[in-house]
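Chain and residue survey
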Amino acid sequence: MNKKKDEPGYDETLKRLEMIVAKLEEEDQGMDELTQLVKEASQLVKVCKKKLKMTEEEIKQAFLDED
């Protein structure tokens, strides 16, 4: 699998997303910070979905290759 050097892994992405959720639960951000955190979280969710889909395809292919 080719991985871009500047692209974080799934686990790292998920941990950052969890940190953002924890920060959002604190409820002490200003509107600008809140907006930025929501935008970042949205992008991280997209990255996680992409990585999960790629992994699913790799697993399917691995089973097809065994046949």
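Everything below is about the structure printed above this text.
Per-chain numbering applies: the sequence of each chain, read as written, is numbered from 1 onward. With pLDDT at 70 or above as the cut-off, local features in this predicted model cover only qualifying residues; side-chain atom pairs require 80 or more to be listed or tallied, and sums for whole chains, interfaces and linings still use all residues. Note: side-chain values were computed over all heavy atoms of the structure, leaving out hydrogens and water.

Some thoughts on the side chain of Q29
A helix here means a DSSP run of H or I that spans at least four residues, while a strand means a run of E at least two residues long, and both kinds are numbered starting from the N terminus. Mapped onto the secondary structure, Q29 falls in the loop between α1 (10-26) and α2 (31-66). Under this definition, polar contacts are N or O atom pairs within 3.5 Å; protein pairs additionally need one hydrogen-donor-capable and one acceptor-capable atom, and for neighbouring residues in sequence, both atoms have to be side-chain atoms. A polar side-chain atom of Q29 sits 2.6 Å from the main-chain carbonyl oxygen of K23. At 3.2 Å, the side chain of Q29 and the side chain of D28 are in polar contact. We call two residues contacting when some pair of their heavy atoms lies within 4.5 Å. Sequence-distant contacts of Q29, defined by excluding residues within four places in its chain, comprise K23, L24, L34 and L37.

Some words on a negative patch on the surface
Like charges are joined within 9 Å and nonpolar side chains (Val, Leu, Ile, Met, Phe, Trp, Tyr) within 5 Å, but only among residues with over 30% relative accessible area and no salt bridge; these make up the patches. Here the Shrake-Rupley method, with its probe set to 1.4 Å, supplies the accessible areas, and only the displayed protein chains count as covering residues. Salt bridges are counted wherever a side-chain nitrogen of Lys or Arg sits within 4 Å of a carboxyl oxygen of Asp or Glu. Positive charges are assigned to Lys and Arg, negative charges to Asp and Glu, while His and the chain termini are left out of the count. Charge placement uses NZ in Lys and CZ in Arg. For Asp and Glu, CG and CD serve respectively. A cluster of acidic residues, E25, E26, E27 and D28, forms a negative patch at the surface. Counting through the fold element by element, E26 comes out in helix α1.

Considering the packing of α1 against α2
Each axis is a line fitted through C-alpha atoms, taken for helices only over the stretch in contact, and angles between the N-to-C directions span 0 to 180 degrees. Where α1 meets α2, the closest approach of the two axes is 9 Å, and the angle between their N-to-C directions is 150 degrees. Relative to α2, α1 is oriented roughly antiparallel. For the element pair α1 and α2, the recorded crossing hand is left-handed. Facing Y10, T13, L14, R16, L17, I20, K23 and L24 of α1, the residues of α2 in contact are E33, L34, L37, E40, A41, L44, V45, V47, C48, K51 and L52. Three classes are used, and their members are as follows: Ala, Val, Leu, Ile, Met, Phe, Trp, Tyr, Cys and Pro are nonpolar, Asp, Glu, Lys and Arg are charged, and the others, Gly among them, are polar. In terms of residue class, the contact of α1 with α2 is built from 13 nonpolar, one polar and five charged. The scheme is simple: roughly parallel for angles under 35 degrees, roughly antiparallel for over 145, roughly perpendicular for 65 to 115, oblique for anything else. Crossings are classed by handedness, with left-handed meaning an anticlockwise turn of the near helix from the far one by less than a right angle and right-handed meaning a clockwise turn.

Let's talk about α2
Relative to the 52 Å expected for 36 residues at 1.5 Å per residue, α2 spans 53 Å between its end C-alpha atoms, a close match to the ideal helical length. Taken together, the buried positions of α2 are L37, A41, L44, C48 and K51. By this rule the span expected of a helix is its residue count minus one, scaled by 1.5 Å. Burial classes follow relative accessibility: with a 1.4 Å probe on protein chains only, a residue under 20% of its type's maximum area counts as buried, one over 50% as exposed, and anything between as partly exposed.

Considering the environment of D6
Within the secondary structure, D6 is located in the segment before α1. Separated by 57 residues in sequence, D6 and F63 have C-alpha atoms that sit 30 Å apart.

Some remarks on a nonpolar patch on the surface
Taken together, M31, L34 and V38 make up a surface patch of nonpolar side chains, about 280 Å² in accessible area. Tracing the backbone through its elements, the reader meets M31 in helix α2.

Some points on the nonpolar core
Nonpolar side chains tend to gather and get buried jointly when the protein is soluble and globular. Judged by nonpolar contacts, L17, I20, L37, A41 and L44 together constitute the single largest core of five residues. Breaking this core down by element, the ones donating at least two residues are α1 and α2. For this core, the element with the most residues is α2, which contributes three residues. Here, nonpolar core refers to any group of buried Ala, Val, Leu, Ile, Met, Phe, Trp, Tyr and Cys residues whose side-chain atoms link them within 4.5 Å.

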